[in-house]
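# Reading the structure
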Amino acid sequence: MHFDDDGDDVLAQATYEMPLIDALALFLENRISALPVIDAEGRVLDIYAKFDVINLAAEKTYSDLDVTIFNALQHRIGKQDKVHTCLKTDSLRHIIETIVKAEVHRLVVVDEDKHLQGVVSLSDIFHYLILKPVEDEDKLGK
């Protein structure tokens with residue numbers, strides 16, 4: 001987990017200029033599977049996921065870990081829609097429908113100006129819908 005100078009939690013993120021090795025380190029350090037790629041103003045441009053690393057391995061083009069995220073993303077196979085987003089104000093139903101229709105594992109949460117606000121994953125949704133009610137029930141039963 002990253003923290004700013006005030007000790008506040010900071011969402012792991014990348015830029016197109018970031019070396020691939022730094023992105024891989026963030027995956028491991030934060031135990032995450034994707035990094036929103038942002039511009040200098042914090043607007044979401046793309047997403048770099050562990051799946052993209054697998055594509056590099058499959059193509060055997062992973063020998064240069066100093067390559068930038070931008071260059072690494074040129075090897076992406078599949079969907080042209082690179083990043084799927086939602087707003088904080090979107091309903092859970094809308095978020096789930098978007099994930100299902102887009103066939104993705106996560107949505108990047110943005111504000112109206114596309115500034116990064118967070119990430120919501122299928123794991124987050126499952127935890128909220130399945131595990132949290134069980135945890136709350138256990139607390140009430142004690």
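Just above, that's the structure.
In short, a report on the structure. Keep in mind it's a predicted model, so treat the numbers as computed, not measured.

Here is what the cut-offs are and how they apply
- Residues numbered from 1 in each chain as written.
- Predicted model: local features only at pLDDT ≥ 70, side-chain atom pairs only at ≥ 80, totals over all residues.
- Heavy atoms only, no water.
- Core = buried A, V, L, I, M, F, W, Y, C linked by side-chain atoms within 4.5 Å.
- Buried < 20%, exposed > 50% of the residue type's maximum accessible area, 1.4 Å probe, protein only.
- Helix = DSSP H or I, 4+ residues; strand = E, 2+ residues; numbered from the N terminus.
- Contact = heavy atoms within 4.5 Å.
- Phe/Tyr/Trp six-rings, centres within 6.5 Å; stacked < 30°, edge-to-face > 60°.

### Comments concerning the nonpolar core
Taken as a class, soluble globular proteins show a tendency for nonpolar side chains to be buried jointly. Formed by 14 residues in total, the largest nonpolar core has its most connected members in Met18, Ala23, Leu35, Tyr48 and Ile69. Contributions of two or more residues to this core are made by helix H1 (20-30), strand E3 (34-38) and helix H3 (69-73). In terms of residue count, the dominant contributor to this core is H1 (four residues). Aside from chain neighbours lying at most four places away, what touches Tyr48 is Leu20, Ala23, Phe27, Ala34, Leu35, Val37, Val53, Leu56, Ile69, Ala72, Leu73 and Arg76. Membership of the second largest hydrophobic core comes to nine residues, among which are Ile99, Val104, Leu107 and Ile125.

### Let's talk about the packing of aromatic side chains
Throughout the structure, instances matching the rule amount to two aromatic pairs. Measuring from ring centre to ring centre gives 5.2 Å for Tyr16 and Phe70, while their planes differ by 85°; the resulting arrangement is edge-to-face. In this pair, Tyr16 sits in the loop between strand E2 (9-10) and H1 while Phe70 sits in helix H3, placing the two residues 54 residues apart along the sequence. Assessed through its relative accessible area of 40%, Phe70 is described here as partly exposed. Where Phe27 meets Tyr48, the ring centres are 6.2 Å apart and the plane angle is 10°; that geometry is what we call stacked. Taken together, the residues span a long stretch of sequence, with Phe27 in helix H1 and Tyr48 in strand E4 (residues 44-49) at a distance of 21 residues.

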